[in-house]
Amino acid sequence: MLNSNQQTPRIICKNCALQLALKCYELHWWFRLVREPLLLGMRLLARWHGIDVRKHVVRNPECYGCIRFMKAELEEKSLTFRLLNDLIGKEFSELRDSMLSKQDLDEAKRYAQEAMETELDLETPKINKLINKEKNEMNQTIETIHKRKGTKSYTTEQVKGQDLESIIFAGIAGPTARNTQNRHFTVVQNEEILRQINDSVLSLQTSPVNRFPLYNAPTLIVVSTPADYQFAEQDSAIAVENMTLAATSLGLGSRYLVSPTRFLETDSGKKIKQEIGIPEGYRSIACLIVGYDADPDQEPVSRNLNVVNYVK
Ligand SMILES: Cc1cc2nc3c(=O)[nH]c(=O)nc-3n(C[C@H](O)[C@H](O)[C@H](O)COP(=O)(O)O)c2cc1C
């Protein structure tokens, strides 16, 4: 789930120590007075040895920063910890477990087992890998989110009317700041106009990498808002994301584009804006191209997972 510059957790959890401790806190107020000073001591020792438990990669977000990682590293690095743990570790666990029912202990065991079974494959911390692993358990919306990709090649088949409506309505269903709902959707399917926009976008590019900035998609949807609208980008981006997810779920390819808006806001672009019916005084903000994916086997690009931290 987290981090790619991680340390390998070589830890087998037979039960979830945190769950057990929390349950004991619930049952006996004084247990805190026993455990917290010990925990503080461990934290100080860990700091002394430069141990950062947040570096350990976890599959289950609940395990992020778990003291088990700290314990494992201290076992390795600290003689003081080993001596103290030999002295009181066993007694502490026995005291804790004696307060709990069999049901509590079983629950903590089951929780730990589940977390262990979903251990992250550290060699390939890529979202694609996670999707494949969990595909059968995933709900449809989450699967659609992970399946979406910015499609770069399209067949000539046009998007069916009903699908197009569903896509647009998904865009309209997105939230807007203060519920202003003042973004407008322009659907362009006219081949000549699409070609014109494509060529104009191309001509604006200083070092074009692709002769088809609209990727020959049969449909272009332009989202525009009043020119002075404060949340234009946010509302439009949400609308485009909703539409791209709807398109994915309908088996269509799509791609978020801003490049056409750069052209549409030039002097010559403004003529086309008028021609395609973008309301007077509106600025084009974001676009979506949609069509049938000509390369459906192409996998979504992998994601860097090293972008999360948890504060608890
Ligand atoms: C705000 C935004 C603007 C984008 N503009 C363009 C664009 O003008 N041209 C283009 O080919 N792709 C554009 N993209 C698509 C991204 O390049 C693409 O999403 C990214 O490479 C990640 O690939 P994925 O969509 O397959 O996950 C844009 C994406 C976003 C979010």
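Residues numbered from 1 in each chain as written. Predicted model: local features only at pLDDT ≥ 70, side-chain atom pairs only at ≥ 80, totals over all residues.

Under the annotation held in an unreviewed UniProt entry, the protein carries the name Nitroreductase and is attributed to Syntrophobotulus glycolicus. Quoted verbatim from the Cofactor (unreviewed entry) field of UniProt, the annotation for the protein is "FMN". According to the UniProt record, the Sequence similarities (unreviewed entry) comment for the protein is "Belongs to the nitroreductase family." (UniProt positions renumbered as here; feature names shortened; annotations may be inferred.)

Attention now moves to the site of the ligand. Taken together, Lys149, Gly150, Arg255, Tyr256, Leu257, Val258, Ser259, Pro300 and Val301 make up the full set of residues adjacent to the ligand. At three residues, strand 3 (residues 253–257) tops the list of elements feeding residues into the shell around the ligand. Considered class by class, the residues forming the shell around the ligand number five nonpolar, two polar and two charged. (Near = placed C-beta within 6 Å. Helix = DSSP H or I, 4+ residues; strand = E, 2+ residues; numbered from the N terminus. Nonpolar A, V, L, I, M, F, W, Y, C, P; charged D, E, K, R; others polar.)

Before going further, it helps to spend a moment on unusual backbone geometry. Across residues other than glycine, the phi torsion is negative in most instances, and most of the peptide bonds are trans. Positive phi, close to 55 degrees, is recorded for Asn179, a residue that is not glycine. Mapped onto the fold, Asn179 is located in the loop between helix 8 (161–172) and strand 1 (184–188). At Asn216, a position not held by glycine, the phi torsion is positive, near 55 degrees. Mapped onto the secondary structure, Asn216 falls in the loop between helix 9 (191–204) and strand 2 (219–226). Here Asn216 falls in the partly exposed class, since 17 other C-beta atoms lie within 10 Å of it. (Buried ≥ 20, exposed ≤ 12 C-beta atoms within 10 Å, placed from the backbone.)

Spatially, four strands are ordered 1-2-4-3 in an open sheet, and the strand pairing comes out antiparallel. Looking at strand neighbours, the two that pair on one side only are strand 1 and strand 3, the edges of this open sheet. Each strand axis lies, on average, 25 degrees off the axis of its neighbour in the sheet, ignoring direction. Where strand 2 and strand 4 (residues 282–291) come together, eight bridges link them in antiparallel fashion. (Pairing = 2+ DSSP bridges. Axes fitted to C-alpha atoms, helices over the stretch in contact; angles between N-to-C directions.)

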